[in-house]
Amino acid sequence: MKESLLRHLVCPECHGPLTLAVDAREDQEIERGLLRCGPCARNYPILRGVPRFVDTDKYVGSFSFQWNVHRTTQVDSLSGHAESGKTFLMKTGLTGSELKGKLALDVGCGTGRFMEIAAELGAEVIGLDLSFAVDAAYTNMGRRPGIHIVQADVFKPPFRPATFDAIYSIGVLHHTPSTREAFLSLPPLLKPAGIIAIWVYVWSGLYSQRLDRVRSLTVGLPERLLYGLCWVFVPLLHAFSWIPILGRLTNYIPASNQKRGLAWDVMDTFDVYSPRYQWKHTEPEVAGWFKEANLKEIKILNFPVSVRGRQAGA
Ligand SMILES: C[S@@+](CC[C@H](N)C(=O)[O-])C[C@H]1O[C@@H](n2cnc3c(N)ncnc32)[C@H](O)[C@@H]1O
Ligand SMILES: [Zn+2]
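The following refers to the structure shown. Remember, predicted model here, so these are calculated numbers, not experimental data. (Residues numbered from 1 in each chain as written. Chains lettered and ligands numbered in written order. Predicted model: local features only at pLDDT ≥ 70, side-chain atom pairs only at ≥ 80, totals over all residues. Heavy atoms only, no water.)

**Describing the packing of aromatic side chains**
Given two aromatic rings, one states the distance between the centres and the angle between the planes to describe the pair.
Okay, step 1: This structure, assessed with the given rule, holds 14 aromatic pairs.
Okay, step 2: Seen from their ring centres, Tyr227 and Trp231 are 6.4 Å apart, and the 90° between their planes marks the pair as edge-to-face. One end of the pair, Tyr227, and the other, Trp231, are both in helix H9 (residues 223-240), four residues apart, so they sit about a helical turn from each other.
Okay, step 3: The exposure class assigned to Trp231 is partly exposed, which follows from its relative accessible area of 35%.
Okay, step 4: Ring geometry for Tyr227 versus Phe270: centroids 5.7 Å apart, planes at 90°, classification edge-to-face. Of this pair, Tyr227 sits in helix H9 while Phe270 sits in helix H11 (residues 262-273), and the two are 43 residues apart along the sequence.
Okay, step 5: Under the relative-accessibility criterion, Phe270 is labelled buried at 1%.
Okay, step 6: Put simply, the rings of Phe65, Tyr227, Trp231 and Phe270 touch in pairs and so form one group of aromatic residues.
Okay, step 7: Directly above the aromatic system of Tyr252 lies the positively charged group of Arg210, at a separation of 4.3 Å from the ring centroid.
Okay, step 8: Here the guanidinium or amino end of Arg260 rests over the ring plane of Trp264, the centre of that ring lying 5.3 Å away. (Phe/Tyr/Trp six-rings, centres within 6.5 Å; stacked < 30°, edge-to-face > 60°. Helix = DSSP H or I, 4+ residues; strand = E, 2+ residues; numbered from the N terminus. Buried < 20%, exposed > 50% of the residue type's maximum accessible area, 1.4 Å probe, protein only. Lys NZ or Arg CZ within 6 Å of the ring centre and 35° of its normal.)

Okay, structure coming up:
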């Protein structure tokens, strides 16, 4: 953690100010220490370079596992792909002119792949995630200038109101107990005229119904077992897709097939069948939440369901 992060942080419980005690430092980074809240006397440790505002990863154990096993698979600078840069633009519409010199929040940062893109576009960016993906994100990019990482819950963000110029969340809010409530926790963190952009899973009728039926069998499986099954079944399902009749099986048990290597598809398939929560939504529903939060300039982007809007003011 960089000391400069402290000015943006407050106690997630009482919103009181925090004071910092450093136990171990490496160059600019505080590797170990404590954040203390004066008003409510709660303590939040800094461990392995990351301030921890939660003491467990609650219902996101599958993501703690997934993002530490696949720490580099989707990070453009470490994987040799350019996928995250393209995806960021497609799902948020955020550009360099909107991010340069601004403070951005990446909600559900995972391994930090989109923080890298936002930072390249000139933003100072704070990544928040409930899972131990924060350890992967910290290893990947926590020491880079202008990048900060916190382990916290989107329902209790450790920030002052009106802190951020931009907030984005890609593929995250539908993995919480309530996508709408998770979303509504974010607009108060925007400065006047700040931008918020989210992408959540789309409801696709029969396809979604079939997927949820398979998920009802897989979500409870131990992570390592399900992950092992993905390594067995993903190549089999890829092979079946070429065979008449057998190929229809892939309509009922879809497996990712992104043509970016087997590890990517295994990870993506695990990402579909393992998370505890995985809601799907329509564009009018998500646009409705933006209206409910009194956001302006609401825009539905081409990739469903990607919506952005702007805080009133200034
Ligand atoms: C599918 S991953 C997406 C990660 C990243 N945005 C990406 O696209 O690579 C969903 C992430 O949401 C995080 N998440 C789920 N519920 C959360 C919550 N209540 N607060 C913060 N993060 C949460 C998970 O830990 C996980 O890392
Ligand atoms: Zn407090």
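Read on for the rest.
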